Amino acid sequence: VVAKQLNLNTKQIVAALASYKGVKRRFEYHIKTPKLVYIDDYAHHPEELKMCISSVKELYPNKKITGIFQPHLFSRTRDFLDEFADYFRHSKLDQQSFEIVALCTNGDEALAELGKHQPQLALLDIDMPGFNGIEVARQAKILSPNSKIMIWSCYPSYTGFQELAQAGVKSY
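A short tour of the structure in this document, coming up.

The rules behind the values
- Residues numbered from 1 in each chain as written.
- Predicted model: local features only at pLDDT ≥ 70, side-chain atom pairs only at ≥ 80, totals over all residues.
- Heavy atoms only, no water.
- Patch = residues over 30% accessible without salt bridge, like charges linked within 9 Å, V, L, I, M, F, W, Y side chains within 5 Å.
- Areas by Shrake-Rupley, 256 points an atom, 1.4 Å probe, with all protein chains shown as cover.
- Salt bridge = Lys/Arg side-chain N within 4 Å of Asp/Glu carboxyl O.
- Helix = DSSP H or I, 4+ residues; strand = E, 2+ residues; numbered from the N terminus.
- Buried < 20%, exposed > 50% of the residue type's maximum accessible area, 1.4 Å probe, protein only.
- Arc of directions from axis to C-beta.
- Polar contact = N/O pair within 3.5 Å; in protein donor to acceptor, adjacent residues only side chain to side chain.
- Core = buried A, V, L, I, M, F, W, Y, C linked by side-chain atoms within 4.5 Å.
- Contact = heavy atoms within 4.5 Å.
- Axes fitted to C-alpha atoms, helices over the stretch in contact; angles between N-to-C directions.
- Parallel < 35°, antiparallel > 145°, perpendicular 65-115°, else oblique.
- Left-handed = near helix turned anticlockwise from the far one by under 90°.

## What about a nonpolar patch on the surface?
A grouping of Val 2, Leu 6 and Leu 8 is seen on the molecular surface, where their side chains present a nonpolar patch of about 280 Å² in accessible area. Here Leu 8 lies in the loop between helix H1 (2-5) and helix H2 (10-19). What makes Leu 8 partly exposed here is its relative accessible area of 33%.

## A look at helix H7 (residues 133-143)
Restricting attention to buried positions, one finds in H7 the residues Gly 133, Ile 134, Val 136, Ala 137 and Ala 140. Down the axis, H7 shows its buried residues gathered within 155° of arc, on one side only. Sitting at the head of H7, Asn 132 places a side-chain oxygen 3.0 Å from the backbone nitrogen of Ile 134.

## Quick look at the environment of Ser 75
With respect to the element layout, Ser 75 can be found in helix H4 (residues 74-79). Linking Ser 75 and Thr 105, residues 30 residues apart in sequence, is a C-alpha distance of 9.3 Å.

## Description of the nonpolar core
Counting residues in hydrophobic clusters, the biggest one holds 16 residues, and the most contacted among them are Leu 124, Val 136, Ile 149, Ile 151 and Val 169. At the level of secondary structure, the elements contributing two or more residues to this core comprise helix H6 (107-117), strand S3 (121-125), H7 and strand S4 (148-152). The leading source of residues in this core is H7, at four residues. The contacts of Val 169, once residues within four sequence positions are left out, are Ala 137, Ile 149, Ile 151 and Leu 164. Residues Ala 43, Cys 52, Phe 84 and Phe 88 belong to the second largest nonpolar core, which totals seven residues.

## Observations regarding the packing of H6 against H7
Viewed as axis vectors pointing N to C, H6 and H7 meet at an angle of 20°, and their least axial separation amounts to 10 Å. On the basis of their axis angle, the class for H6 and H7 is roughly parallel. The handedness of the crossing between H6 and H7 is right-handed. Residues Gly 107, Ala 110, Leu 111, Leu 114 and Gly 115 of H6 form the contact with H7, whose participating residues are Val 136, Gln 139, Ala 140 and Leu 143.

## Focus: the pattern of salt bridges
All told, the structure shown has two salt bridges when counted by the stated rule. Linking Glu 47 and Lys 50 is a salt bridge whose minimum nitrogen-to-oxygen distance equals 3.3 Å. Of the two residues, Glu 47 and Lys 50 are both situated in helix H3 (residues 46-59); the distance of three residues between them amounts to about one turn of the helix. You can call Glu 47 partly exposed: its relative accessible area is 42%. In this structure, Arg 138 and Glu 135 form a salt bridge, with 3.2 Å as the shortest nitrogen-oxygen distance. Linking Arg 138 with Glu 135, this pair stays in helix H7, spanning three residues, or about one helical turn. The exposure class of Arg 138 is partly exposed, given its relative accessible area of 34%. Residue Glu 135 is classed as partly exposed on the basis of its relative accessible area of 24%.

Put into structure tokens, the structure is as follows:
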């Protein structure tokens, strides 16, 4: 309809649609082989996340799905924390392989929950209010010595890998 209003002819419309590759980071395939599929989607709202996972489950009903959720903005994560937590707790993604014991909005909460739950794995952001992820990792070695620490970040590159390793971080 819009193309016709712009006085484009059918041949121009068909050519444009044939070359359209979609919106970047919206269900974007990076790998698509019989053994492995890697899809990137910028689902940053609980409803978008739900729809993305639902689509993957529908397209690949007999495949194991491994998802990596990267909170993009602290403010968005904070604003939708209850909705994210509710979705992850009740999504039946694969409840036998993991349990979320706490969702924290700052480093102080993360330290308290680490001491309380002693999780096998703690996922932290480098840039958190209060104690940052690196400081939480340092203190986690004392509070929860058996927990493995993984740092997530939106930074495209990070130069403090030695500092992360010294803090006991196992993965970035």
